[in-house]
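Observations on the three-dimensional arrangement
Read off the chains here:
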Amino acid sequence: MQELSLLAKESSRSNHSIWFGHYTTSTILSPSPGIRSIMSSATAYLCGHLHTLGGLMPVLHTRHFQGTLELEVGDWKHNRRYRIFAFDHDLFSFADLIFGEWPVVLITNPKSLLYSCAKHEPLERVLHSTHIRVLAFSLSSITSVTVKIDGVHLGQAIHLSGPIFTLRWNPRNYNNRTHNIEVIVQDSDGRRKSVHHIFSLQEDIHLRFDPLASFILLTDHCMVARVLFVMTVLIQLSILITFRHQGCLELKGPPGFINLTSFSLHVLSKINIFYYSVLLLTLYTVLGPWFIGEITKGKIGCCFSFGIFVDGHFLQGSVTFVVGILQLAFFNIPLMAYLCWSLLQRCFGHNFRSHLRQGKRLKIIPVYLLMLLLYIWQIYSCYFLHMTFGTLAFFFSPLRTWMTLLTPVLIHCVWTRNSDKLGAFTVQLKSHLSS
């Protein structure tokens, strides 16, 4: 952060500064005052990482509260996306493109209203400009550059030099409200490209970015993941501990879903081996080391939900909280639910074989299919851990490898273990059903 602050200070006297990075600011952990505050003097921050969210968000652009643009670009590896940008009389313009699509066109004056910022750019220069300016180039020569504003044909832009084309205009004809400029470019091979954007010469008119894109890029996802993780843990522990210390449940009314769920939670929380197994698993997910392994090449470290210790340094958690949420949602909580369901079957008088033959297979088969998929997910997470952090991490991973091996033991125990408390609950349930 000190080095970045120094770079920001050194560039403060420049007309413009552009920051480049891989990660979006919403996924960067940084101490106060934060990465966005340090880059507040920049015109734009160009980044990747999220790209287009697998095609769900083709455009991920927004503006920081300090005025800096944050412009995510699609990936080159799979989608061959790239970006060009230009400064025209200190006005920043850019275009996101797909490699191989020609011609390439970028309107630099008048610039897009959506990406205009009076704090970083001399927007009044558009009002005093004499020409519309366009960058256009292709694999073959450009034959025509047609300009329209609000659907009205203005003329053909003439070639000035390089990829620059210009067309004389009177900006004062457009000094009220917003207007739409469209440029149609054609090359000698007959390829044609049309681009357009909204512009305005009024300072008090603004356009808003896509709210979803702004949410994705401006929200502190590290903090959101942390809060969701803690809330999920607290909810699970609260349910478990509350039922543990509640008095004996008196069954009333028909044995509906809510009554049976409440009853099964009572059974789980009152039988020590299952209560402490689930409690320990949840607490270990929060507090215990998930694995010990080679975090970086030649450096052994220890991973927790709240961060990683490696080579005498502590790296604060961010993605670890997301992994923790997935662990809770796709293994810990479903395992707790399955134990409750199995104990309820025991209270009905079934064992493992008899409950499979009781005739309600339409209800039983989905349960086991779901649990099988979740168990396969847990096994795959062990494989992924081995491929990512090596053999040491695979064998010294209580949350992944050890828990994968202990789960069948716990399930075997829930179907075979007998206790006085389980017998009492069985009598209570049968008595209620027969009354």
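Treat the numbers as computed from the prediction; the structure is a model and nothing was measured. Per chain, residues are indexed from 1 in the order of the written sequence. In keeping with the predicted nature of the model, local features appear solely for residues at pLDDT of at least 70, side-chain atom pairs appear and are counted solely at 80 or more, and the whole-chain, interface and lining totals rest on all residues. To obtain the side-chain values, all non-hydrogen atoms of the structure were used and water was disregarded.

Some details on the overall build of the protein chain
Put simply, the rule is: Numbering of helices and strands starts at the N terminus; helices are DSSP runs of H or I of at least 4 residues and strands are runs of E of at least 2. Only the C-alpha atoms count toward the radius of gyration. The rule for a globule is 2.2 Å times the residue count to the power 0.38. Exposure categories follow from relative accessible area, calculated using a 1.4 Å probe and restricted to protein chains: below 20% of the type maximum is buried, above 50% is exposed, and the middle band is partly exposed. In this analysis, two residues are considered to be in contact whenever any of their non-hydrogen atoms come within 4.5 Å of each other.
If you tally the helices and strands in the protein chain, you get 14 helices and 18 strands. The globule rule puts the C-alpha radius of gyration for 435 residues at 22 Å, and the 31 Å found for the protein chain is more than 25% above it. Taking all 435 residues of the protein chain together, the buried fraction comes to 45%. Contacts in the protein chain between residues far apart in sequence, at least 24 positions, make up 64% of those at least 6 positions apart.

Observations concerning the packing of helix α9 (residues 319–347) against helix α13 (residues 398–416)
What counts here: To get an axis, a line is fitted to the C-alpha atoms, and for a helix only the part in contact is used. The angle between two axes follows their N-to-C directions and goes from 0 to 180 degrees. If an angle is under 35 degrees, it is roughly parallel; if it is over 145, roughly antiparallel; if it lies from 65 to 115, roughly perpendicular; otherwise it is oblique. Note on convention: near helix rotated counterclockwise from far helix by under a right angle means a left-handed crossing. Clockwise means right-handed.
The contact between α9 and α13 brings their axes to 9 Å, and the two run at 10°. Relative to α13, α9 is oriented roughly parallel. Considering the relative orientation of α9 and α13, their crossing is right-handed. Contacts between α9 and α13 pair Val323, Gln327, Phe331, Leu335, Tyr338, Leu339, Trp341, Ser342, Leu343, Gln345 and Arg346 from the former with Leu399, Arg400, Met403, Thr407, Leu410, Ile411, Val414, Trp415 and Thr416 from the latter.

Topic: the side chain of His16
The cut-off we apply is this: Counting of polar contacts relies on pairs of N or O atoms within 3.5 Å, with two restrictions inside protein: one atom must be capable of donating a hydrogen and the other of accepting it, and residues adjacent in sequence are counted only when both atoms are side-chain atoms.
With respect to the secondary-structure elements, His16 resides in the loop between α1 (2–10) and β1 (18–20). A distance of 2.6 Å separates a polar atom in the side chain of His16 from a polar atom in the side chain of Thr43. Once you skip the residues sitting within four places of it in the chain, His16 turns out to touch Thr43, Phe87, Asp90, His120 and Glu121.

Re the sheet that holds strand β17 (residues 307–310)
Which entries qualify depends on this criterion: A strand pair is defined by DSSP finding two or more bridges across the two strands.
Taken together, the four strands give an open sheet; going across it, the order is β15-β16-β17-β18, and neighbouring strands pair in antiparallel fashion. Either end of the sheet is taken by a strand with one partner, and the two such strands are β15 (291–296) and β18 (313–316). Mean inter-strand twist for the sheet, computed between neighbouring axes without regard to direction, equals 30°. In this sheet, β17 lies alongside strand β16 (residues 299–304) in antiparallel orientation, the contact comprising four bridges. Each residue of the ladder has a partner; that of Gly301, found in β17, is Val310.

A closer look at the sheet that holds β1
For sheets, the rule is that strands pair by backbone hydrogen bonds, running either parallel or antiparallel. The four strands lie next to each other as β1-β2-β4-β3, forming an open sheet whose pairing is mixed. Whereas interior strands pair on both sides, the edge strands pair on one side only; in this sheet they are β1 and β3 (61–63). Within this sheet the neighbouring strands show an average axis-to-axis angle of 15°, counted without direction. Here β3 runs beside strand β4 (residues 69–72); their pairing, made up of three bridges, is antiparallel. The residue bridging Thr62 from the neighbouring strand is Glu70, located in β4. The strands that helix α5 (residues 211–218) touches are β3 and β4; relative to β3, the one it contacts most, it runs at about 70°.

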